[in-house]
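Geometric and topological summary
These are the residues of each chain, in order.
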Amino acid sequence: MSQAVVLYATTLLVYAGVDIMACWGLNLQFGVTGIYNFAFIIFQAAGAYTTGVLTLGPDTANGGFQHYIFGSTWPFPLPILMGGVVAGVLSLLIGLVTLRRLRSDYQAMVMLVLAVIATLVAENLATFVNGDSGLALIPQPLSNQITSVTGYQWWFVAFTAFACLVVYFFVRRITSAPLGRALRAVRDHEYAAAALGKNVASLRLFSFVAGGVIAGISGGILVSFITAWSPGSWLYVETLVLLTAVIVGGMGNNFGVMLGAMLVPVAFNEITRYLPQFGRPGLIDAFQWIVIGSLSMGFLWFRPQGIVPERRRKYKPPAELGVGATGAVGPGAGGPEPATVPDGRL
Amino acid sequence: MFHLVFASTLVESVGFGLVTASILAIAAVGFTLQFGVSNMLNLAYGDIMTAAAFGAYEVNKAGAPLWVSFIAGMATGAVTSVLLHRYIYRPFVRRGTQLVGLVIVALSAAVIIQNALLAGFGATFFTLKLPHTSTVHVAGATLTVLQLVIIGIAVAAMLAVDAMLRRTRLGKAMRATSGNPALARACGINTNRVVDTAWLIAGGLCGLAGVLLVLNTASFESTTGSDFLVITIAAAMLGGVGQAYGAMIGAVVLGVVTEVAAAYTRSSFKEVIAFAVLVIIVLIRPQGMFGQPVTALTMNKEVVN
Amino acid sequence: MNRLVLRNMLRLKPLACLCATFATVFALSACGSSGGSGGGGSAGSPDTGTDTLTFAAFNTFSGPNATFGPEQLAGCGPAAQAIVAAGGVLDHKTAVCNPEDSRGDPADAVPAAQQVIATSGHLVGVLGPGSDEAPATIPLFNRSHIPMFSDAGQGLFDKSTFKYFWRILPADDAVGYAMALYAHQQGYTRVASVFGTSIGAQGSAPTVAAGFKKLGGTITTAQLLALDQSSYRSEVAQMAAAKPQAIFIELDPQTAATYLSEVQQLYHQVPIIGTDGTTQPPWLKAVAGAIGKTTVQKFYVGAQPYAPTTGPAHKLWLTQLHGATSGVAKPVSQWENDSYSEAAWDATNIIALAMELSKSTNPIVYNTYITKVTSPGHVIVHDFAQGKAAILAGKAITYVGTTGPITFDQYQNSPGSFEINKSDASTVKTYSAADLQSAK
C-alpha cells in the first residue's frame, strides 16, 4: 500500500473511532435513556473548541490572525480532557434547564433551536472562537516527537482506539449495571420508574452529562487530528447524521451503534465519493448527497430495528416464587420462566 | 426629541417586522397543520418552499404574469407535499416508525429535494421578475407596494385558513383528526382523506410562503428555503404545535422581534435573540402559548393513521 | 471487582470487532508500505513515464458555496486540454482536471483530501483548497508534497511556511486597502461599511475601515450582518439614517441581493464598492436580478486582482476557455473575466511548465521550479504551448499569464496589483502594491 493509501485509511480509522465514541455517548442519552438530544453536536463542538484554544496558545501569538478567548498551551492530553470537562459543564447547564417534562417532540425541537443558537453565536461573535473562520493550524499532539508521517498517523489511530476502549468500558459499565436498567426504565416507562422510587430527573441529568462528556472528548480528539475547526463542521444537521447512525446500527446496544457509526458517517460519505463523474461539473456532487439521503431512508425502511437490535433482556425470577409457564402458582409448579422486557422503541 | 426618534425607529421596525411575519405566518401555519394531523416534524418543509420557488421561477421565465407564478408555486408546494406524505412519510408511519425515525426520514427527504434542485438548476442564483414597485409611507414605516401586497396576501391566507378550520366540514374534520384520530375515525370521518387534504392545503401554504420569501430576498438558490426552516419551526412551536392560530401569533412575535432586535442591537444577533425568546417562552410554558398542556395522555402521543 | 462484573464488562463482540479492524488495516499497511515508496514518499505512485497527469480542482461543489468549485474547474479544465493539445508534458501525453468536492467544511474536507491524494493516480497539482477547507487540508497536501495554488483568502497564510502552498491571488485584507483608496480618490468622505459574518469579510472589513480612516474618511456605520436572512430592512434603515455617500460591501450573493434591493427601496441608490468576492459571476447575477443590470453597471465597482482584459495572454485564455470540450459550466461567458478562474488557468500552466523545465513529474523536484518559470527577466510566454516551445529551445522563461506578471514573495504569495472594475469588467483604476501603501 502506498503512503497515500495508508494516510487515507488511517484517516478513516480515526474518523470511525471518533464517530463511534460520539455515537456511544449519543446512544447513552437517546438509546438508553430516551432523551431527544438534537443538540448533541454542540457538545462535541465545545470539546473541540476547548481543546483547540488550549493548544494554540494566546491569540496574539502567531501573527494575531485568529481571535479567540482564553488561549493557552497545555500539555497533551490535558486539552482533550478539559474538552470533556467543558462539554460536561455545558451539558449540565443545558440539562438543568431543558430536561423537564417536555413532550418528546418539543424537547427535540428546543434542543435543535439551541444548536442553531450556538452556531449563530459562534459565527457572529468574532472574538469568541474566531467566528466563521474558526480555529486553524492547531498543533497536533506529540507531532514534534514523532516525525515519521505514517508513524504519526498510526500513533494517532492507536490513541483513538485507546480512547474508544476507555469510553467503551465506561459506557458498558453503565449500561450493564443496575444503573443501566434504571435508565432504560426511565426511557420505557417513566411513570412506573418514578413510582418505584427512581429519581427520574437526576437519572436523566446523569445520562445527559455523561453523554456530553463523551461528546466533548470525541470532539477534542477529532480537532487534534484535523487541526482546524469551524462552524461549518457542526451544523445542527450533524446531530441527525449521528442519530441516523445510532438507529441504523441498532439503538440501545453498543455493538450495533458501533456498526452504525462505521456505516453512516464514514461509509456512506466515502462510498459516494467513488460514483463516476458525469454531466456538468457539480452534478455528481449533488447526486452524492441524494444517494446518502436515499441510503439513510432505505436502511430505515428495510431494517427499522437496526442492524443489531437491542437484546431482549431476560431476567429469571427468584426460584422460590415458583411461577410456572402456565401461570400456576405454588412450589414446583413448573420451572421458572424468564420474563422478557420489551426492547426500546425506535 | 430622543423619544420621537426612538418611537419612530420602533414603529418603523415593527412595520418591517410585519412583512417578515407575514411570510413566516403562512409558512408556520402550513407547518403546524402538517404536524397537527400527522404528528410529523416535516424537516423537508423548507426545501419544498425552495421547490415551489423554482416552480414559480420556471413559469415566470416563460413570461407569465406574477399572479400565475404564485399559483404555480402553490401548486408545486401542494403536489410535492402530498406526494411526500403519501409515498414516503405515511408508509414509514404505518410501519411504526416513531418520532426520531420520522425526523431522519424527513431530513433525508430534505437532502434529496435540495440536491435534486441543485442538480437540476445548477449552482447559481435566480430571481423572479417583478414589475417595478414604488414605496409608500404607512404610519411611519416605509414599505413598498409589493411588501404591502405580501402583508395583504398573508392576512387573506390567514382569514381563509381560519374560515376553513372553523366553518367547513373539512376544517372540523381536521381539528378532530388532530385531536384524537381514533375517535375521529370512530365518528365516521375518513381520516385518510382528511389527512391528505390537510397536507395538500398545508403544502399550498408552504409553496405560497416559498414564493413570497424569494420575492422578499430578491434572489435565491437551492439552499434558500432550508435557511428559513428553523425560524418557521420556532414560530410554530411558539404558538403551540398543531395550533394554527398560535402559529400566526408566534410568527408575528418572532417577525417583529427579529426586526426590532436588528434595529436596537447588532444585526448579526437578530435571529439569536428571536430564538432566545422562543426558548425562554417554551421553558416557561412548555406547550407553547396556545398548545395543549402536557399530561400523561399527551406525552409520547403516537401517530395512528 | 468480582468476576461477574468483569465478565460483563468484557463483552467481547464490540471489542473484538474494533481490535480486528485496527489490526487488519495495520497489518495490511505494514506489509505494503515496506515495499512501497520509501524515503519522504511522493504523492501517489512514482513517475511511471507516460501515465495521465491529474490536476484536482479541490473546492466546494455543493452546499451554499457550490459556485466556487466550478469556478476553479473553468480555469483548470481548459488549461489541461490545451496542455494535451500541445503534446503533453515530457512523455505524458494526457492530462485531466478533476472536480473534487471538499463538501465545504474542515471535518468533511480532511477525508476528501486524503481520498483525492490516494486515488487520483498521478496527482501533480491542486487548484484550491478554498477558504472553507483550507486550514485543515493545506497541511495534508503539503505533507504529501502536492503543490497547491489556493484561492483561500485568510490572512493567516500571508506568512505561510508550507513549501507546497502557492497563492497568486491577494488575501482578503489587501482588498480592503484597495477599496479604501478608491473611495478616497473618488472624493467620498462618508461611507457605510456593510459586511457579512463570513470568512472573507472577517479579513477585509477591518482593513477597509482602517485604510479609509487613515486616508481621512469616516465610516458612518459599520454593520456585520447575519447571512441569508429574509429581510434586512431595519439594518438598511439604520445605515440610511447616517446618510452615507457610498457603501463598502461584501455579502454573499443572496444576502447582497436582499440588502441592496432594500437600499433602493428605503434610501436611494448609492455607489457600491465591493470586494473581490463581489466581482464573481454568481454575485453579479444575483444582484443584477435584484436591482437591475443597468443599475449595477452604473453604481457598482469591485476591487479585484489585476487581470488585464487585453493582451496576448487574455486572448489565449479566451480561446482555450471557449474551445474547451467539457468541464466548463455554462454559460461559458460568465468565466471570461472571473479572476479566480483566470488564476486557476495560470496555475495549471505554471505547474505544467515547472514540470517541463525540471524534466520531472515528481513534485518534490518541480515544486522548486515554480519560481523559476515565473521570475522576471527571461523570454516572456503566455501559455503552456509557448512556454514548452521556449523550454525545448533551451531558453529560460517568464510566464506572464492572464492575471499578469507574478512575483512570489518569500512566503510564496504573489498578491500582485489590484484593479477597480465595473460589472462589465471594464477597468476604472489600477493600483500597484506601492499605491496601496498610502492606505496601510
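In the block above lies the structure referred to throughout.
Residues numbered from 1 in each chain as written. Chains lettered and ligands numbered in written order. Predicted model: local features only at pLDDT ≥ 70, side-chain atom pairs only at ≥ 80, totals over all residues. Heavy atoms only, no water.

**Side note on the layout of surface pockets**
Defined as follows: The way it works is a 1 Å grid over only the protein atoms, where trapped points that fit a 1.4 Å probe form a cavity and open points with protein on both sides within 12 Å along at least five of seven lines form a pocket, and then any residue with an atom within 4 Å of a point lines it. Grid points are joined across faces, edges and corners, and a volume is the space filled by probe spheres set on the points. Think of it this way: any DSSP run of H or I at least four residues long counts as a helix, any run of E at least two long counts as a strand, and we number them from the N terminus. Any residue outside Ala, Val, Leu, Ile, Met, Phe, Trp, Tyr, Cys, Pro, Asp, Glu, Lys and Arg is labelled polar, Gly included; the first ten of those are nonpolar and the last four are charged.
Its boundaries defined by the atoms lining it, the second largest pocket holds a volume of some 920 Å³. Elements with a minimum of two residues in the lining of the second largest pocket: α5 (149-176) and α8 (200-226) of chain A together with α4 (106-119) and α5 (134-143) of chain C. Looking at which element gives the most residues to the lining of the second largest pocket, the answer is α5(C), with 5 residues. Taken together, the residues of the lining of the second largest pocket sort by class into 21 nonpolar, 13 polar and 3 charged.

**A few points about the interface of chain B and chain A**
The cut-off we apply is this: Whether two residues touch is decided by their heavy atoms; if any such pair falls within 4.5 Å, the residues are in contact. What counts as buried area is the accessible surface, traced by a 1.4 Å probe, that two parts surrender upon association, with contributions from both included. Under the rule applied, a polar contact is a pair of N or O atoms within 3.5 Å (in protein, one hydrogen donor and one hydrogen acceptor; residues adjacent in sequence only if both atoms are side-chain atoms).
The partner chain A presents 48 residues to the 53 residues of chain B that form the contact. Of the roughly 4,500 Å² buried at the junction of chain B and chain A (both faces included), carbon and sulfur atoms supply 75%. Across the chain B-chain A interface, the total number found is 5 residue pairs in polar contact (both at pLDDT 80 or more). Contributing elements (two or more residues each) for the side of chain B that touches chain A: α3 (66-94), α4 (99-121), α10 (229-239) and α12 (270-284) of chain B. When residues of the side of chain B that touches chain A are assigned to their parent elements, the largest contribution, 17 residues, is made by α4(B). Its residues assigned to classes, the side of chain B that touches chain A comprises 36 nonpolar, 14 polar and 3 charged.

**Some points on the state of the cysteines**
The term disulfide refers to a covalent linkage connecting the sulfur atoms of a pair of cysteines. Residues and elements named next belong to chain C. Quick note on the threshold: Disulfide assignment relies on a single distance test, namely cysteine sulfur atoms paired within 2.5 Å.
Applying the stated criterion across every chain yields a total of 1 disulfide over all chains. Through a disulfide, cysteine 76 is tied to cysteine 97; the S-S separation comes to 2.0 Å. Measuring handedness by torsion sign, the sulfur bridge of cysteine 76 and cysteine 97 sits at about 120° and is right-handed. Residue cysteine 76 is found in helix α3 (residues 68-85), and its partner cysteine 97 is found in strand β2 (residues 95-101); the two are separated by 21 residues along the sequence.

**Focus: the interface of chain C and chain A**
Put simply, the test is: A side-chain nitrogen of Lys or Arg and a carboxyl oxygen of Asp or Glu constitute a salt bridge if their distance falls within 4 Å.
Facing the 57 residues of chain C at the interface are 60 residues of chain A. Both faces combined, the contact of chain C with chain A buries some 5,300 Å², and carbon together with sulfur accounts for 67% of it. For the pair chain C and chain A, the number of links is 0 salt bridges. Linking chain C with chain A are 12 residue pairs in polar contact (both at pLDDT 80 or more), by the criterion used here. Looking at the side of chain C that touches chain A, the elements that each hand over two or more residues are α1 (3-9), α2 (12-35), α3, β2, α4, α5 and α7 (199-214) of chain C. Looking at the side of chain C that touches chain A, the element that brings in the most residues is α2(C), giving 13 residues. Residue composition of the side of chain C that touches chain A, by class: 30 nonpolar, 19 polar and 8 charged.

**What to know about the pairing of strand β7 (residues 218-225) of chain C**
Residue and element names in this part refer to chain C. To keep it simple, the criterion reads: For two strands to be treated as a pair, DSSP must find no fewer than two bridges joining them. By convention a crossover is right-handed if, when the strands point away from the viewer, the path from the first strand over the helix to the second runs clockwise.
Pairing analysis gives 6 bridges linking strand β6 (residues 190-196) to β7, with the strands arranged parallel. Following the sheet pairing, phenylalanine 195 is matched in β7 by leucine 224. The handedness of the β6 to β7 crossover, carried by α7, is right-handed.

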